[in-house]
Amino acid sequence: MGGAGDDLHSVVMFRLGGQLFAIPVTDVREVVPYAWLEHPPRMPAFVQGVLNLAGTAVPVLRLDRLLGLAQSSFGLESSILIMTGADGGVGLLVDHVEGVRAAADFQFSAIDDGQSFQGCVSGQMHGPLGSAHLVSWRQVLLEEERQRLEQFRLDAEQRLAQLSEGQG
């Protein structure tokens, strides 16, 4: 690999909207199967729902909508990538996770920031599974979207806490 991919060690490969994508392993905390999601009121359009992950509210985002892809239909093969971060977490809904691959198995080609919204796709990776778009997770959301999503997550967290109190 060369250029912007030099610090990339391994990636989570996944399919979405008929295309192959990769995201750095360091951005993914865990992968969970697609599960039943809560649908609270005032949910942003790019949020599929809220996952109750061991008592923590995790908004699950429609990455297909955020990237402007054809709408995916999610099912038994689908997964949720729980992203790393200081907040309580955010999930990305994807069609199918192909697995974790060493970045060294791919040739990396950087793409110009102007070729994707805010540079959310930073390059192309060419390798054993074909060509994949490398997603820069931190560039996917606008700052205002990030703030609103955090407030939404906190509201959902409060609802979960109230539900737990009612069961106690």
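A brief look at the structure comes next. (Residues numbered from 1 in each chain as written. Predicted model: local features only at pLDDT ≥ 70, side-chain atom pairs only at ≥ 80, totals over all residues. Heavy atoms only, no water.)

## What to know about the sheet that holds strand E7 (residues 91–94)
In sheet architecture, strand pairing relies on hydrogen bonds along the backbone and comes in two forms, parallel and antiparallel. This is how the line gets drawn: DSSP calls a pair of strands paired once it identifies at least 2 bridges connecting them. In DSSP terms, a helix is any run of H or I states spanning at least four residues, a strand is any run of E spanning at least two, and both are numbered starting from the N terminus. Every angle, taken between N-to-C directions, lies between 0 and 180 degrees, and every axis is a line fitted to C-alpha atoms, over only the stretch in contact when it is a helix.
In spatial order, the strands read E3-E6-E7-E5-E4; together these five strands make up an open sheet with mixed pairing. Among the strands making up the open sheet, the edge pair consists of strand E3 (28–33) and strand E4 (47–53). On average, adjacent strands in this sheet sit at an angle of 30° to one another, irrespective of strand direction. Of the strand pairs in this sheet, strand E5 (residues 56–62) and E7 are connected by three bridges, and their pairing is parallel.

## Examining the environment of Ala-104
Within the secondary structure, Ala-104 is located in the loop between strand E8 (96–102) and strand E9 (107–110). Separated by 94 residues in the primary sequence, Ala-104 and Ser-10 have C-alpha atoms spaced 7.8 Å apart.

## Examining the sheet that holds strand E10 (residues 121–127)
Across the sheet, six strands lie side by side as E8-E1-E2-E11-E10-E9; this open sheet has mixed pairing. The outermost strands of the open sheet, each flanked by one partner alone, are E8 and E9. Direction aside, neighbouring strands of the sheet carry axes that sit 30° apart on average. The sheet contact formed by strand E1 (residues 10–16) and E8 spans six bridges and is antiparallel. For Ser-10, the partnering residue across the bridge sits in E8 and is Ala-102.

## With respect to the pattern of salt bridges
Inclusion rule: Throughout this description, the term salt bridge denotes a Lys or Arg side-chain nitrogen within 4 Å of a carboxyl oxygen of Asp or Glu. Residue exposure (1.4 Å probe, protein chains only): buried if accessible area is under 20% of the type maximum, exposed if over 50%, otherwise partly exposed.
Scanning all chains against the criterion turns up four salt bridges. Notably, a salt bridge pairs Asp-27 with Arg-138, separated by 3.6 Å at the nearest N-O pair. Note that Asp-27 is positioned in the loop between strand E2 (19–24) and E3 and Arg-138 in the loop between strand E11 (130–135) and helix H2 (143–167), a separation of 111 residues in sequence. Residue Arg-138 is classed as partly exposed on the basis of its relative accessible area, which comes to 47%. Of the charged contacts in the structure, one is a salt bridge between Arg-62 and Asp-64, with a shortest N-O distance of 2.7 Å. On the basis of relative accessibility, which here comes to 0%, the residue Asp-64 falls in the buried class.

## Some remarks on the nonpolar core
Cut-off, in case you're wondering: The criterion is simple. A nonpolar core is a set of buried Ala, Val, Leu, Ile, Met, Phe, Trp, Tyr and Cys residues joined through side-chain atoms within 4.5 Å. We call two residues contacting when some pair of their heavy atoms lies within 4.5 Å.
In this structure, Phe-14, Ile-23, Leu-51, Leu-61, Leu-81 and Trp-137 are the most contacted members of the largest nonpolar core, which totals 41 residues. When neighbours within four sequence positions are excluded, Leu-51 is seen to be in contact with Val-32, Ala-35, Trp-36, Leu-37, Thr-56, Ala-57, Val-58, Val-60, Ile-80 and Ile-82. Counting 11 residues, the second largest nonpolar core, distinct from the first, contains Leu-20, Ala-22, Ala-103 and Phe-106.

## Quick notes on the packing of aromatic side chains
To be explicit about the condition: Stacked, tilted and edge-to-face are the three classes assigned to paired rings of Phe, Tyr and Trp, where Trp is represented by its six-membered ring and a pair needs centres within 6.5 Å; plane angles under 30 degrees give stacked, over 60 edge-to-face, the rest tilted.
Summed over all chains, the structure comprises two aromatic pairs. The interplanar angle of 15° and the centroid separation of 5.7 Å between the aromatic rings of Phe-14 and Phe-21 together place this pair among those described as stacked. Residues Phe-14 and Phe-21 agree in their burial class; the two are buried.

## Concerning the pairing of E2
In terms of burial, E2 is a largely internal element, five of the six residues being buried. By the bridge criterion, six bridges tie E1 to E2 in an arrangement that is antiparallel. Counted as the bridge partner of Val-11 is Pro-24 from E2. The antiparallel hairpin formed by E1 and E2 contains two residues in its connecting segment, where Gly-17 sits at a positive phi of about 55°.

## Quick notes on unusual backbone geometry
Within the chain, Ala-54 stands out as a residue other than glycine whose phi angle is a positive 55°. By the secondary structure assignment, Ala-54 is in the loop between E4 and E5.

## Considering the side chain of Gln-48
Basically, it comes down to this: Counting of polar contacts relies on pairs of N or O atoms within 3.5 Å, with two restrictions inside protein: one atom must be capable of donating a hydrogen and the other of accepting it, and residues adjacent in sequence are counted only when both atoms are side-chain atoms.
If you trace the backbone, Gln-48 turns up in strand E4. Using a relative accessible area of 17% as the deciding quantity, one classes Gln-48 as buried. Of note is the side chain of Gln-48, whose polar atom sits 3.0 Å from the side chain of Arg-62. The contacts of Gln-48, once residues within four sequence positions are left out, are Tyr-34, Leu-37, His-39, Met-43, Val-60, Arg-62 and Leu-93.

That's the geometry; what it means functionally is another story.
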